[in-house]
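Given next are the chains, with one letter for each unit.
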Amino acid sequence: MLSVLVVLPGKGQTKATSDIISAPKMKQLIADIKQRYASRIVIFDMPPVLLIDDVIAAMEYYDAALLVVEEGASKPDELKKTLQLLSNTKLLGMVLNKSEHMPEHQGYY
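Residues numbered from 1 in each chain as written. Predicted model: local features only at pLDDT ≥ 70, side-chain atom pairs only at ≥ 80, totals over all residues. Heavy atoms only, no water.

**Overview of the overall build of the protein chain**
So the rule is basically this: For the purposes of this entry, the term helix denotes a DSSP run of H or I that reaches at least four residues, the term strand denotes a run of E that reaches at least two, and both are numbered from the N terminus. Radius of gyration here uses only the C-alpha atoms, and the compact-globule reference equals 2.2 Å multiplied by the residue count raised to the power 0.38. Each residue's exposure class comes from its accessible area (1.4 Å probe, protein chains only) as a fraction of the maximum for that residue type: buried when under 20%, exposed when over 50%, partly exposed otherwise. Note on definitions: a residue-residue contact is assigned when non-hydrogen atoms from the two residues lie within 4.5 Å. Neither His nor the chain ends is counted toward charge; the positive residues are Lys and Arg and the negative residues Asp and Glu. Positions of charges follow a simple convention, taking NZ of Lys, CZ of Arg, CG of Asp or CD of Glu.
Looking only at helices and strands, the protein chain features 4 helices and 2 strands. Secondary structure elements of the protein chain, listed N to C terminal, follow the sequence α-α-α-β-α-β. Relative to the compact-globule value of 13 Å for 109 residues, the protein chain shows a C-alpha radius of gyration of 16 Å, a clear excess of over 25%. If one aligns the C-alpha atoms of the protein chain with their principal axes, the spans along those axes are about 45 × 40 × 30 Å. By the burial criterion, 16% of the 109 residues in the protein chain qualify as buried. Here the analysis covers contacts within the protein chain between residues at least 6 apart in sequence; of these, 69% occur between residues at least 24 apart. Charged side chains in the protein chain number 12 positive and 13 negative. The centres of these two groups are separated by 9 Å.

What follows is the structure, given as structure tokens:
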């Protein structure tokens, strides 16, 4: 089976993005995409959870989440708050980003 990545770009910078994300037109678009292409995976590339409310506004669209944590920048209390906010979302896992040290279990460099 051929896999295809389709990117639906934004329209540039805008204000009140959480209003756009939670608008009826966006809800209908996401519902149409999920219904029409049931075998496809929809990926939302979102900003940090605690930075702006876009992630929370879009939560109803998520089937699952993959959390990216930046070494040295993501504080334990922020991570705890983020996990609380995502508590009703299936968490696929976490990715450690910008690590200064290679994990010992890595088999390649």
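**Description of the pairing of strand 2 (residues 90-97)**
Put simply, the rule reads: The pairing criterion for strands is at least two bridges between them, as found by DSSP. By convention, orient the strands away from the viewer: a clockwise path from the first strand over the helix to the second makes the crossover right-handed.
As paired elements, strand 1 (residues 64-70) and strand 2 share 7 bridges and run parallel to each other. Residue pairing in the sheet places Ala-64 in a bridge with Lys-90 of strand 2. In this region the chain leaves strand 1, passes through helix 4 (residues 76-85) and returns to the parallel neighbour strand 2; the handedness of that crossover is right-handed.

**Structural notes on the confidence of the model for the protein chain**
Heads up, the condition is: Confidence of the predictor at the level of single residues is captured by pLDDT, which takes values from 0 to 100.
Looking at the protein chain as a whole, the pLDDT averages 83, with 91% of positions reaching at least 70. Averaged pLDDT values over the elements of the protein chain bottom out at 86 in helix 1 (residues 17-21) and peak at 93 in helix 4.

**Quick notes on the pattern of salt bridges**
Formally: A pairing counts as a salt bridge when a side-chain nitrogen of Lys or Arg comes within 4 Å of a carboxyl oxygen of Asp or Glu.
All told, the structure shown has 3 salt bridges when counted by the stated rule. Between Glu-60 and Lys-27 there is a salt bridge, with the nearest N and O atoms lying 3.8 Å from each other. Remark: Lys-27 occurs in helix 2 (residues 24-36) and Glu-60 occurs in the loop between helix 3 (54-57) and strand 1; sequence separation between them is 33 residues. A salt bridge links Lys-34 to Asp-63; the nearest nitrogen and oxygen atoms lie 3.7 Å apart. Placement of the pair is Lys-34 in helix 2 and Asp-63 in the loop between helix 3 and strand 1, with a sequence separation of 29 residues. Among the residues examined, Lys-34 registers a relative accessible area of 30% and is labelled partly exposed.

**Observations concerning the environment of Thr-82**
Along the chain, Thr-82 turns up in helix 4. When the C-alpha atoms of Thr-82 and Leu-50 are compared, they prove to be 6.8 Å apart, with 32 residues separating the residues in sequence. Among all residues touching Thr-82, those that are not within four sequence positions of it are Val-49, Leu-50 and Leu-67.

**Re the packing of aromatic side chains**
Geometry of an aromatic ring pair is reported as the spacing of the ring centres plus the angle between the planes. The cut-off we apply is this: Side-chain rings of Phe, Tyr and Trp, where Trp is taken by its six-membered ring, are said to pair if the distance between their centres is within 6.5 Å; with planes under 30 degrees apart they count as stacked, over 60 as edge-to-face, and otherwise as tilted.
If you walk through the whole model with that rule in mind, you get 2 aromatic pairs. With a centroid separation of 6.0 Å and 15° between ring planes, the pair formed by Phe-44 and Tyr-61 is classed as stacked. Taken as a pair, Phe-44 in the loop between helix 2 and helix 3 and Tyr-61 in the loop between helix 3 and strand 1 lie far apart in primary sequence, 17 residues in all. Relative accessible area serves as the criterion here: at 27%, Phe-44 is assigned to the partly exposed category.

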